[in-house]
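Take a look at the letters that make up each chain.
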Amino acid sequence: MSKSVIEMPPKGGFSFDLCKRNEMLAKKGVSPPSFRKTGTTIVGLIFQDGVILGADTRATEGPIVCDKNCEKIHYMAPNIYCCGAGTAADTEAVTDMVSSQLQLHRYHTGRESRVVTALTLLKRHLFNYQGYVSAALVLGGVDVTGPHLHTIYPHGSTDTLPFATMGSGSLAAMAVFESKYKEGLTRDEGIKLVTEAICSGIFNDLGSGSNVDICVITKGAKEYLRNHLQPNPRTYTSSKGYSFPKKTEVLLTKITPLKEKVEIIEGGDAMEE
Amino acid sequence: MSIFEYNGSALVAMVGKNCFAIASDRRLGVQLQTIATDFQRISKIHDRVFLGLSGLATDAQTLYQRLVFRHKLYQLREERDMKPETFANLVSAILYEKRFGPYFCQPVIAGLGDEDKPFICTMDSIGAKELAKDFVVAGTASESLYGACESMFKEDMEPEELFETVSQALLSSVDRDCLSGWGGHVYVVTPTEVKERILKGRMD
């Protein structure tokens, strides 16, 4: 049976069509591209009413900062959020996928999602790909059984902890946590501690930078504080900006007016015989 | 040698006031030899969404054909054009599908969304989206482009000023990159018209 010539949208999952070609190119001395990573400092801690997650906002491509304000705290369920470190495409894809699976599960069961459900879905997927899906995650949320905080490593192992850090800035952030964490923190103390830990990652780790994002999850409520703290504002821009009095040389200009779409008028005249 | 340096490219997209600009260089090379000086890197998906593809030219052409196919299917099913945000998600999914054997392309997507709000986005070769509010860059000249755009960009520029800024940023960056150049191709899109201009640059 001959292969279909039409390329229909595939059924899902990864496609390995181009692997042979890419291997051949690699043998010829062509190095594969570097992927966007999220360097990163991500943290989570459990306080008296729930969970607080924190992340920096820098995305790097090799040594260059490609995004100064990216979002690393991903939505999983109304009561569960997940911070991601590692290859950006992997963290985004894996959290999106598990978020959809959780939604379908909610429809099936009619109940609020549990953090351990998200945990198991994520770890099974990551273990299945033996660490090649390079996503290191800090998963936190509050469900019927209480607040939970977990870390998930790219190979699929997990830890359940009262406070956790991941990413290249994890050591800097963990130093802050280990010295200042105590049980039963209030909301403000918790936010302050998380901000301090992320700032320590931002200032000391080269792979992390820009602003601090915080997400506070409590029973029945969540608060996403995007850019809660901006310790690195851009102060050097001149207010005048650049102006270019001598115009660029143009060889050819083509103007295409965008045609308006035809409007459908309801109840027009009936057709005559 | 990296696979992205095989053909060479430079792409930039910038947001203005109810308009956007997307620009590319025009050189197509095979390592250090130039084989075309009028190569089109930016293509129109529909009236309000433009796609630029940098990286390996053959993968860019294949990817472009697949995306046009998917968009036409979408148009048939939904009887309307795709919004730029949706299109960006489609490109990201198609690239991530090939996570372990990727297309060697970095797309730059620019479009006008609902209420004529400009939208720009770039991705790495496996589909990690980067949505920016000011500018996005891709290609071998990306490091210089980051620097040029970072200093020349201003908020809420009118179409004419936006064109000047994008052109200056593009030309100054490709002048510092051997693999891209030979002029520029700039599209400035407002809700009422698309202005396509070809720039004269250094021919080396």
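Residues numbered from 1 in each chain as written. Chains lettered and ligands numbered in written order. Predicted model: local features only at pLDDT ≥ 70, side-chain atom pairs only at ≥ 80, totals over all residues. Heavy atoms only, no water.

## Looking at the overall build of chain A
Tallying secondary structure elements over chain A gives five helices and 13 strands in all. Taking 2.2 N^0.38 as the reference for a compact globule, 273 residues should give roughly 19 Å; the C-alpha atoms of chain A span a radius of gyration of 24 Å, well beyond that estimate. Along the first, second and third principal axes, the C-alpha atoms of chain A reach 80 × 60 × 60 Å. The buried share of chain A, reckoned over its 273 residues, is 44%. The contacts of chain A with a sequence gap of at least 6 include a subset with a gap of at least 24, amounting to 63%. For chain A, the accessible surface area stands at approximately 15,900 Å², while carbon and sulfur atoms represent 56% of it. Separation of charge centres in chain A, based on 30 positive and 29 negative side chains, amounts to 8 Å. (Helix = DSSP H or I, 4+ residues; strand = E, 2+ residues; numbered from the N terminus. Rg over C-alpha atoms; globule rule 2.2 N^0.38 Å. Buried < 20%, exposed > 50% of the residue type's maximum accessible area, 1.4 Å probe, protein only. Contact = heavy atoms within 4.5 Å. Areas by Shrake-Rupley, 256 points an atom, 1.4 Å probe, with all protein chains shown as cover. Lys, Arg positive; Asp, Glu negative; His and termini not counted. Charge placed at Lys NZ, Arg CZ, Asp CG, Glu CD.)

## Topic: the sheet that holds strand β2 (residues 50-55) of chain A
All names here are of chain A. Read across the open sheet, the five strands follow the order β10-β1-β2-β11-β12; overall the sheet is antiparallel. Of all the strands in the sheet, just β10 (163-166) and β12 (221-229) have a single pairing partner and so form its edges. Across the sheet, the mean angle separating the axes of adjacent strands is 10° when strand polarity is ignored. Direction of pairing for β2 relative to strand β11 (residues 212-218): antiparallel, over a ladder of six bridges. Along β11, the bridge assignment pairs G50 with T218. Of the strands in this sheet, β1 (42-47) and β10 touch helix α4 (residues 170-180), which is tilted by about 160° from β10. Strands in contact with helix α5 (residues 187-204) are β1, β2, β11 and β12; relative to β11, the strand with the most contacts, it is inclined by about 150°. (Pairing = 2+ DSSP bridges. Axes fitted to C-alpha atoms, helices over the stretch in contact; angles between N-to-C directions.)

## Looking at helix α2 (residues 88-109) of chain A
Spanning 22 residues, α2(A) covers 31 Å between terminal C-alpha atoms, matching the ideal 32 Å at 1.5 Å per step. Of the residues making up α2(A), those classed as buried are A:A88, A:A89, A:D90, A:T91, A:V94, A:T95, A:V98, A:S99, A:L102 and A:R106. Along its buried surface, α2(A) packs onto β5 (73-77), β6 (80-86), α3 (115-128) and β7 (135-143) of chain A together with α2 (84-97) of chain B. A:G110 occupies a position one or two residues after α2(A) and carries a positive phi of about 70°. (Expected span 1.5 Å × (residues − 1).)

## Focus: the confidence of the model for chain B
Residues and elements named next belong to chain B. Here chain B shows a mean pLDDT of 93. Residues at 70 or above account for 100%. No element of chain B has a lower mean pLDDT than strand β9 (residues 129-132), which averages 91, and none a higher one than strand β1 (residues 10-15), which averages 96. Reported for the predicted complex are a pTM of 0.87 and an ipTM of 0.86. (pLDDT = per-residue confidence, 0-100.)

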